[in-house]
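Topology and contacts: notes
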Amino acid sequence: MAIDTPRRLKTLPDSGPIDAPEQATEQPAPYADERSFLGSLLEALEKVGGFNAAIRQPYGMGTPYLRVQGGGTMGNGEDIRLRRVAKDGSLRAVWQWGEDLPTDPAEAAEAIGRVINPEM
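Since we're looking at a predicted model, the values are computed, not measured.

A few words on the packing of aromatic side chains. In total, this model carries one aromatic pair according to the counting rule given. For the pair tryptophan 95 and tryptophan 97, a centre-to-centre distance of 4.8 Å together with 5 degrees between the ring planes defines the contact as stacked. Here the guanidinium or amino end of arginine 81 rests over the ring plane of tyrosine 65, the centre of that ring lying 4.0 Å away.

Printed below as a string of structure tokens:
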């Protein structure tokens with residue numbers, strides 16, 4: 001048969017109130033750089049006109065991309081993806097076939113226009 005004996009509790013140094021909030025560190029939103037880069041390309045496409053374009057992100061996860069379709073009835077479309085440059089960590093827009101688009105958003109918008117709405 002076990003006998004209960006009183007236990008002595010050790011006193012710990014005061015570390016402040018238990019419900020004190022921890023110091024929150026501000027972290028950037030996931031893919032904020034990618035969304036900003038695609039946003040500047042989207043603005044350039046809007047200036048050119050004649051496109052239906054939107055930034056998409058599969059199920060809210062994964063790298064966002066730009067879906068661009070011609071405004072006409074042809075239905076041509078492209079997904080513009082991004083890649084990081086190994087040397088400096090900068091972003092580059094990439095065609096579906098892996099070729100880089102121009103770094104200037106206005107020039108990239110013109111290139112997209114030539115592919116999606118070719119003049120016949």
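Let us now look at the pattern of salt bridges. Scanning the entire structure with this criterion turns up six salt bridges. Between glutamate 34 and arginine 84 there is a salt bridge, with the nearest N and O atoms lying 3.5 Å from each other. Within this pair, whereas glutamate 34 is found in helix α1 (residues 32-48), its partner arginine 84 is found in strand β3 (residues 77-84), the two being separated by 50 residues in sequence. Take arginine 84: its relative accessible area is 41%, and that puts it in the partly exposed class. Two residues, arginine 67 and aspartate 79, come together in a salt bridge whose shortest N-O distance is 3.0 Å.

Next up on the list: the pairing of strand β2 (residues 65-70). With six bridges joining them, strand β1 (residues 51-56) and β2 adopt antiparallel strand pairing. Bridge pairing in β2 links alanine 53 to valine 68. Taken together, the four bridges between β2 and β3 define a ladder with antiparallel strand orientation. Note on β3: the bridge partner recorded for arginine 67 is aspartate 79.

The next thing to look at is the environment of tyrosine 65. Relative to the elements of secondary structure, tyrosine 65 occurs in strand β2. Sequence-wise, tyrosine 65 and leucine 82 are 17 residues apart; in three dimensions their C-alpha atoms are separated by 6.9 Å. Excluding residues within four positions of it along the chain, tyrosine 65 makes contact with Leu38, Ala54, Ile55, Arg56, Pro58, Asp79, Ile80 and Arg81.

Relative orientation of the contacting elements α1 and helix α2 (residues 105-116) amounts to 60 degrees, with a least axis distance of 8 Å. With respect to their mutual orientation, α1 and α2 come out oblique. As for how α1 packs across α2, the hand of that crossing is right-handed. Of the residues in α2, those in contact with Ser40, Leu41, Ala44, Leu45 and Val48 of α1 are Pro105, Ala106, Ala108, Ala109 and Ile112. Counted by class, the contact of α1 with α2 contains nine nonpolar, one polar and no charged residues.

Cut-offs and rules
Residues numbered from 1 in each chain as written. Predicted model: local features only at pLDDT ≥ 70, side-chain atom pairs only at ≥ 80, totals over all residues. Heavy atoms only, no water. Phe/Tyr/Trp six-rings, centres within 6.5 Å; stacked < 30°, edge-to-face > 60°. Lys NZ or Arg CZ within 6 Å of the ring centre and 35° of its normal. Salt bridge = Lys/Arg side-chain N within 4 Å of Asp/Glu carboxyl O. Helix = DSSP H or I, 4+ residues; strand = E, 2+ residues; numbered from the N terminus. Buried < 20%, exposed > 50% of the residue type's maximum accessible area, 1.4 Å probe, protein only. Pairing = 2+ DSSP bridges. Contact = heavy atoms within 4.5 Å. Axes fitted to C-alpha atoms, helices over the stretch in contact; angles between N-to-C directions. Parallel < 35°, antiparallel > 145°, perpendicular 65-115°, else oblique. Left-handed = near helix turned anticlockwise from the far one by under 90°. Nonpolar A, V, L, I, M, F, W, Y, C, P; charged D, E, K, R; others polar.

On their own, these measurements won't tell you what the molecule is for.
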